[in-house]
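Topology and contacts: notes
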Amino acid sequence: MSKLCQSACKAARSLLSATAAASSPRTSLLAEGRNAALATLTNLGRKTLPTAYAYSYHHNSSAAAAGWLAAIPAAVYVLQDQEAHAAEMERTFIAIKPDGVQRGLISEILSRFERKGFKLVAIKLVVPSKEFAQKHYHDLKDRPFFNGLCDFLSSGPVLAMVWEGEGVIKYGRKLIGATDPQKSEPGTIRGDLAVVVGRNIIHGSDGPETAKAEIGLWFEPRELVSYTSNEEKWIYGVN
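Because the structure is predicted, anything quoted here is derived from the model rather than measured. (Residues numbered from 1 in each chain as written. Predicted model: local features only at pLDDT ≥ 70, side-chain atom pairs only at ≥ 80, totals over all residues. Heavy atoms only, no water.)

What follows concerns the overall build of the protein. The helix and strand tally for the protein stands at 12 helices and 4 strands. Taken over 239 residues, the protein has a buried fraction of 38%. The long-range share in the protein, meaning contacts at least 24 apart out of those at least 6 apart in sequence, stands at 75%. With the model as given, the accessible surface of the protein reaches about 13700 Å², and the carbon-plus-sulfur share is 54%. (Helix = DSSP H or I, 4+ residues; strand = E, 2+ residues; numbered from the N terminus. Buried < 20%, exposed > 50% of the residue type's maximum accessible area, 1.4 Å probe, protein only. Contact = heavy atoms within 4.5 Å. Areas by Shrake-Rupley, 256 points an atom, 1.4 Å probe, with all protein chains shown as cover.)

Take a look at the structure:
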């Protein structure tokens, strides 16, 4: 898609610098602009050109140049916007710990992520082993509370999930709240539903690299589902 943007930009620059002399060749220029706009429309689900552009293509005149001059920037804008949108989509790992599962808070926590507009792409209920918990908390292995932390995570069912959306890693942490529930703001999951650090209900990846590693630890690639939600056009404005 970036190559198409470059092609469209090149055509636009060439068209703008073309002389007004009637003898100036425009056929290849118009064809390049037409291809850029047509590719954009196809990418958006359109199989035919708008009437104005179709007319311009079949009539080699200054009006044709004006028509494609309008089409090319539109192609560039839409493609760049879509590329930016795709770049911002990310996935994060979220786990409801044994205390959250035992307290019956699964639906409450899921609803908060869903109401925000994030998309669930993987979920399973597991009882991790002590060894598995040690892998998950490997970055805390030198802390004095490491063993107790691993014992707790492996003490009962854990609801492991992967959520997808724009900014889901950073904002997911905001939804969860501070590690210490007593320092979490009201409205966050820990701020509303937990009291002490040792039973803070939920875990969330703290960055892109951590998210990638934790998703890879808890899920096989085949367990991750890619799909388009019917709500996305109302959340992101994708038509």
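Let us look at the packing of helix H6 (residues 106-116) against helix H9 (residues 168-176). The contact between H6 and H9 brings their axes to 11 Å, and the two run at 135°. Between H6 and H9, the angle falls in the class oblique. Crossing of H6 against H9: the hand is right-handed. Contacts between H6 and H9 involve Arg-112, Phe-113 and Lys-116 from the former and Tyr-171, Gly-172, Leu-175 and Ile-176 from the latter. Across the contact of H6 with H9, the residue classes tally to 4 nonpolar, 1 polar and 2 charged. (Axes fitted to C-alpha atoms, helices over the stretch in contact; angles between N-to-C directions. Parallel < 35°, antiparallel > 145°, perpendicular 65-115°, else oblique. Left-handed = near helix turned anticlockwise from the far one by under 90°. Nonpolar A, V, L, I, M, F, W, Y, C, P; charged D, E, K, R; others polar.)

Further remarks concern the UniProt feature "binding site: ATP" (unreviewed entry) in the protein. The feature "binding site: ATP" (unreviewed entry), as annotated in UniProt, sits at Lys-97, Phe-145, Arg-173, Thr-179, Arg-190 and Asn-200 in this numbering. Tracing the backbone through its elements, the reader meets Phe-145 in the loop between helix H7 (130-136) and helix H8 (146-153). Relative accessible area serves as the criterion here: at 41%, Phe-145 is assigned to the partly exposed category. Mapped onto the elements, Asn-200 comes out in the loop between helix H10 (189-193) and strand E4 (202-204). In this structure Asn-200 touches Lys-97, Asp-99, Thr-179, Pro-181, Arg-190 and Ala-194, once residues within four positions along its chain are discounted. Looking at Asn-200, its side chain comes within polar contact range of the side chain of Lys-97, at 2.8 Å. (UniProt positions renumbered as here; feature names shortened; annotations may be inferred. Polar contact = N/O pair within 3.5 Å; in protein donor to acceptor, adjacent residues only side chain to side chain.)

Looking at the element boundaries, Ser-154 is found in the loop between H8 and strand E3 (158-166). Here Asp-151 takes part through its backbone oxygen, which lies 3.2 Å from a polar atom of the side chain of Ser-154. The residues contacting Ser-154, other than those within four sequence positions of it, are Val-127, Pro-128, Ser-129 and Lys-130.

Here we take up the pattern of salt bridges. Within the structure shown, the criterion is met by 7 salt bridges. Salt-bridge contacts for Asp-192 lead to Arg-112; the nearest nitrogen and oxygen are separated by 3.1 Å. Here Asp-192, found in helix H10, pairs with Arg-112, found in helix H6; they are 80 residues apart in sequence, far enough to count as distant. Of the residues examined, Arg-112 reaches a relative accessible area of 13% and is grouped as buried. One salt bridge in this structure joins Asp-151 and Lys-130, with 2.8 Å as the shortest N-O distance. Note that Asp-151 is positioned in helix H8 and Lys-130 in helix H7, a separation of 21 residues in sequence. (Salt bridge = Lys/Arg side-chain N within 4 Å of Asp/Glu carboxyl O.)

Before going further, it helps to spend a moment on the side chain of Arg-190. Within the secondary structure layout, Arg-190 lies in helix H10. No salt bridge is formed by the buried Arg-190, whose closest oppositely charged neighbour, Asp-99, lies at an N-O distance of 8.2 Å. Polar contacts involving the side chain of Arg-190 include one to the main-chain carbonyl oxygen of Ala-178, which spans 3.3 Å. At a separation of 3.2 Å, a polar atom in the side chain of Arg-190 contacts the main-chain carbonyl oxygen of Asn-200. With residues near it in sequence (within four places) discarded, Arg-190 still touches Lys-97, Ile-176, Gly-177, Ala-178, Thr-179, Pro-181, Ser-184, Asn-200, Ile-202 and His-203. (Lys, Arg positive; Asp, Glu negative; His and termini not counted.)

Turning our eyes to something else, we now look at the nonpolar core. Within the largest apolar cluster, 21 residues are counted, with the highest numbers of intra-cluster contacts made by Ile-109, Phe-113, Trp-163 and Ile-202. Elements supplying a minimum of two residues to this core: strand E1 (89-96), H6, E3, H9 and H10. It is H9 that provides the largest number of residues to this core, a total of 4 residues. Residue contacts for Ile-109: discarding those within four places in its chain leaves Ile-96, Ile-189, Ile-201 and Ile-202. Within the second largest apolar cluster, 16 residues are counted, among which are Phe-146, Val-158, Val-162 and Trp-218. (Core = buried A, V, L, I, M, F, W, Y, C linked by side-chain atoms within 4.5 Å.)

All of the buried residues along helix H11 (residues 208-218) are Ala-211, Glu-214, Ile-215 and Trp-218. Buried positions in H11, seen along its axis, are confined to an arc of 100° and lie on one side of it. Of the residues in H11, the exposed ones pointing more than 90 degrees away from the buried face are Glu-209, Lys-212 and Gly-216. (Arc of directions from axis to C-beta.)

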